[in-house]
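Fold and geometry: a report
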Amino acid sequence: MHYLIYFDESNKLDQFNANYSYYGAYGGTDAAMARVVKQVRNIFKQCNSFSELHFREYTKDNLVKKYFQTLHTVINENVQINILTVNNRDALYAAQKIGLTATELRNLFYPWC
């Protein structure tokens, strides 16, 4: 069995511009993820919009169909979703105490590092 993971972050903690950072990952079997990718590509094609989904920057109501259909597709597939909220001030303070830079700390949140 092969397992695929997609990972993203919002409000990078080493940019010092937000109180919280958000890290999210979802994954599933290669077959489940292939279905998700195919369905999402079809949604983007139907909506004639190929940009990434940025929920915190969502300002275009004409894209509501794309956002909702994509969410519906992902959450109705057999995937695992994990979301982590990080208090940047606390995390940076802890990193400082053990001698890590902000960039080194940020890298600890990535699954491939």
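**Some points on the pattern of salt bridges**
This model, assessed by the stated rule, comprises four salt bridges. Close ionic contact of Arg106 with Asp14 constitutes a salt bridge, the shortest N to O distance being 3.4 Å. Of the two residues, Arg106 sits in helix α4 (residues 102-108) while Asp14 sits in the loop between β1 (3-10) and β2 (20-29), which places them 92 residues apart along the sequence. Across the pair, exposure class does not vary: Arg106 and Asp14 are buried alike. Linking Arg35 and Glu77 is a salt bridge whose minimum nitrogen-to-oxygen distance equals 2.8 Å. Of the two residues, Arg35 sits in helix α1 (residues 30-47) while Glu77 sits in the loop between α2 (64-75) and β3 (80-87), which places them 42 residues apart along the sequence. Classification of Glu77 by relative accessible area gives buried; the value is 15%. In the salt-bridge network here, residues are joined through shared partners; they are Glu9, Asp14 and Arg106.

**A short note on the sheet that holds β2**
The sheet built from three strands is open, its strands ordered β1-β2-β3 with antiparallel pairing. Looking at the sheet topology across the chains shown, the edges are occupied by β1 and β3. For this sheet, the mean angle separating the axes of adjacent strands, direction not counted, is 15°. Pairing of β2 with β3, which is carried by eight bridges, proceeds in the antiparallel orientation. When the sheet's bridge partners are listed, Ser21 is paired in β3 with Val86. Where helix α3 (residues 88-97) meets the sheet, its contacts fall on β2 and β3, and the angle it forms with β3 comes to roughly 75°.

**A short note on the confidence of the model for the chain**
On average, the chain scores 86 in pLDDT, and the residues at 70 or more come to 95%. Across the chain, α3 holds the top mean pLDDT of 95, while β1 sits lowest at 77.

**Some thoughts on the nonpolar core**
Within the largest apolar cluster, seven residues are counted, these being Met33, Val36, Val40, Ile43, Phe44, Val74 and Val79. Counting six residues, the second largest nonpolar core, distinct from the first, contains Tyr23, Ala91, Ala95 and Leu105.

**Overview of a nonpolar patch on the surface**
Among the surface-exposed residues, Phe55, Val64, Phe68 and Leu71 lie close enough to one another that they form a single nonpolar patch of about 390 Å² accessible area. Position of Phe55 among the secondary structure elements: in the loop between α1 and α2.

About the thresholds
- Residues numbered from 1 in each chain as written.
- Predicted model: local features only at pLDDT ≥ 70, side-chain atom pairs only at ≥ 80, totals over all residues.
- Heavy atoms only, no water.
- Salt bridge = Lys/Arg side-chain N within 4 Å of Asp/Glu carboxyl O.
- Helix = DSSP H or I, 4+ residues; strand = E, 2+ residues; numbered from the N terminus.
- Buried < 20%, exposed > 50% of the residue type's maximum accessible area, 1.4 Å probe, protein only.
- Pairing = 2+ DSSP bridges.
- Axes fitted to C-alpha atoms, helices over the stretch in contact; angles between N-to-C directions.
- Contact = heavy atoms within 4.5 Å.
- pLDDT = per-residue confidence, 0-100.
- Core = buried A, V, L, I, M, F, W, Y, C linked by side-chain atoms within 4.5 Å.
- Patch = residues over 30% accessible without salt bridge, like charges linked within 9 Å, V, L, I, M, F, W, Y side chains within 5 Å.
- Areas by Shrake-Rupley, 256 points an atom, 1.4 Å probe, with all protein chains shown as cover.

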